[in-house]
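# An overview of the molecular structure
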Amino acid sequence: MKSKALVEALNEQINYEYFASYQYLAMAAYFESAGLSGFASWMRAQSEEELFHAMKIFDFMHDRNARVKLLAIKEPVAEFSSTLDVFEKTLAHEQAVTASINALYELSLQEKDYPTQVMLQWFIEEQVEEEKTVQEIIDQLKLIGDDGTGLFQLDREMGARRGATPENGNA
Ligand code: FEO
């Protein structure tokens with residue numbers, strides 16, 4: 001890969017995906033301690049999915065003969081005021097990831113790096129899906145409000161989600 005700026009930006013994106021994984025794991029820990037095992041399991045699957053995203057870029061960089069540099073992962077937010085608060089923070093986080101992917105795409109256009117553009121198209125589609133899914137959960141949580149039975153039911157539905165990996169076709 002010729003562009004140093006692009007190599008640096010891809011390294012940063014790997015770090016961002018690792019941070020996302022760490023953040024979702026912190027959310028899983030929060031839900032475990034709150035007795036919401038379905039939400040915890042959903043967050044755990046989300047955390048694993050982010051590792052898959054990081055490794056997708058890691059492998060791509062090596063395929064292009066670029067050197068991966070792993071950077072320090074910052075500490076995730078660990079305390080939340082409610083289930084809704086967790087998912088509102090999740091949406092804000094995913095919107096920030098989308099902005100980061102879009103900036104990477106813009107850079108790959110400037111640098112005329114066509115393979116990176118193709119690789120990033122997968123991420124652009126994935127971000128549309130991620131934001132949509134989280135927005136739907138937020139809508140459901142708002143409908144449920146303070147209804148404990150509704151939250152219990154949604155927790156069970158969230159627990160039915162499998163880890164999103166290419167093996168089970170959910171990635
Ligand atoms: Fe890798 Fe949820 O974005």
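Structural data are supplied above this passage.
Note that the coordinates shown come from a computational prediction; the quantities given were computed from them, not determined experimentally.

### What to know about a nonpolar patch on the surface
Residues Y22, L25 and I73 make up a contiguous nonpolar surface patch of about 270 Å² in total accessible area. Note on placement: L25 falls in helix α1 (residues 4-33).

### Looking at the nonpolar core
Among the nonpolar cores identified, the biggest contains 22 residues, and F31, F39, W42, M43, V86, F87 and M158 are the most heavily contacted of them. Of all elements in the fold, only α1, α2 (37-63), α3 (83-110), α4 (114-144) and α5 (148-159) reach the threshold of two or more residues within this core. With six residues, α1 is the single largest residue contributor to this core. Among all residues touching F87, those that are not within four sequence positions of it are F31, F39, W42, M43, V134, I137, I138, L141 and M158.

### Let's talk about the packing of α4 against α5
Close contact between α4 and α5 brings their axes to 9 Å; oriented N to C, the two are set at 155 degrees. When the axes of α4 and α5 are compared, the pair comes out roughly antiparallel. In the packing of α4 onto α5, the handedness of the crossing is right-handed. Residue-level contacts link I137, Q140, L141 and I144 of α4 to G150, L151, L154, E157 and M158 of α5.

### Side note on the side chain of H53
By the element assignment, H53 lies in helix α2. In this structure H53 comes out as buried when scored by relative accessible area, which is 0%. Not counting the four nearest positions on each side in its chain, H53 is found in contact with E17, W122, F123, E126 and E130.

### A closer look at the environment of S108
In this fold, S108 is placed in helix α3. Taking the C-alpha atoms as reference points, S108 and A34, separated by 74 residues in sequence, lie 43 Å from one another. Residues within four places of S108 in sequence aside, it is in contact with L6, D113, T116, Q117 and L120.

### Let's talk about the side chain of N11
Within the secondary structure, N11 sits in helix α1. If we skip the residues at most four places from it in the chain, N11 touches M61, R67, V68, K69 and L71.

### As for the pattern of salt bridges
Within this structure, the stated rule accounts for four salt bridges. For K132, the salt bridge goes to E129, with nearest N and O atoms at 3.9 Å. Linking K132 with E129, this pair stays in helix α4, spanning three residues, or about one helical turn. Between E136 and K132 there is a salt bridge; the shortest N-O distance is 3.9 Å. With a gap of four residues between them, E136 and K132 both fall in helix α4, about one helical turn apart. Three or more residues are tied together by salt bridges with common partners; here these are E129, K132 and E136.

### Comments concerning α1
Taking 1.5 Å of rise per residue, the 30 residues of α1 would be expected to cover 44 Å, and the 44 Å separating its terminal C-alpha atoms lies within 8% of that figure. Immediately downstream of α1, the backbone of G35 shows phi near 80 degrees, a positive value.

### Let's talk about the environment of L36
Summarising the element assignment, L36 is placed in the loop between α1 and α2. Note: C-alpha distance between L36 and V68 (32 residues apart in sequence) is 37 Å. Once residues within four sequence positions are removed from consideration, L36 is found in contact with F31, T83, L151 and D155.

Here is what the cut-offs are and how they apply
Residues numbered from 1 in each chain as written. Predicted model: local features only at pLDDT ≥ 70, side-chain atom pairs only at ≥ 80, totals over all residues. Heavy atoms only, no water. Patch = residues over 30% accessible without salt bridge, like charges linked within 9 Å, V, L, I, M, F, W, Y side chains within 5 Å. Areas by Shrake-Rupley, 256 points an atom, 1.4 Å probe, with all protein chains shown as cover. Salt bridge = Lys/Arg side-chain N within 4 Å of Asp/Glu carboxyl O. Helix = DSSP H or I, 4+ residues; strand = E, 2+ residues; numbered from the N terminus. Core = buried A, V, L, I, M, F, W, Y, C linked by side-chain atoms within 4.5 Å. Buried < 20%, exposed > 50% of the residue type's maximum accessible area, 1.4 Å probe, protein only. Contact = heavy atoms within 4.5 Å. Axes fitted to C-alpha atoms, helices over the stretch in contact; angles between N-to-C directions. Parallel < 35°, antiparallel > 145°, perpendicular 65-115°, else oblique. Left-handed = near helix turned anticlockwise from the far one by under 90°. Expected span 1.5 Å × (residues − 1).

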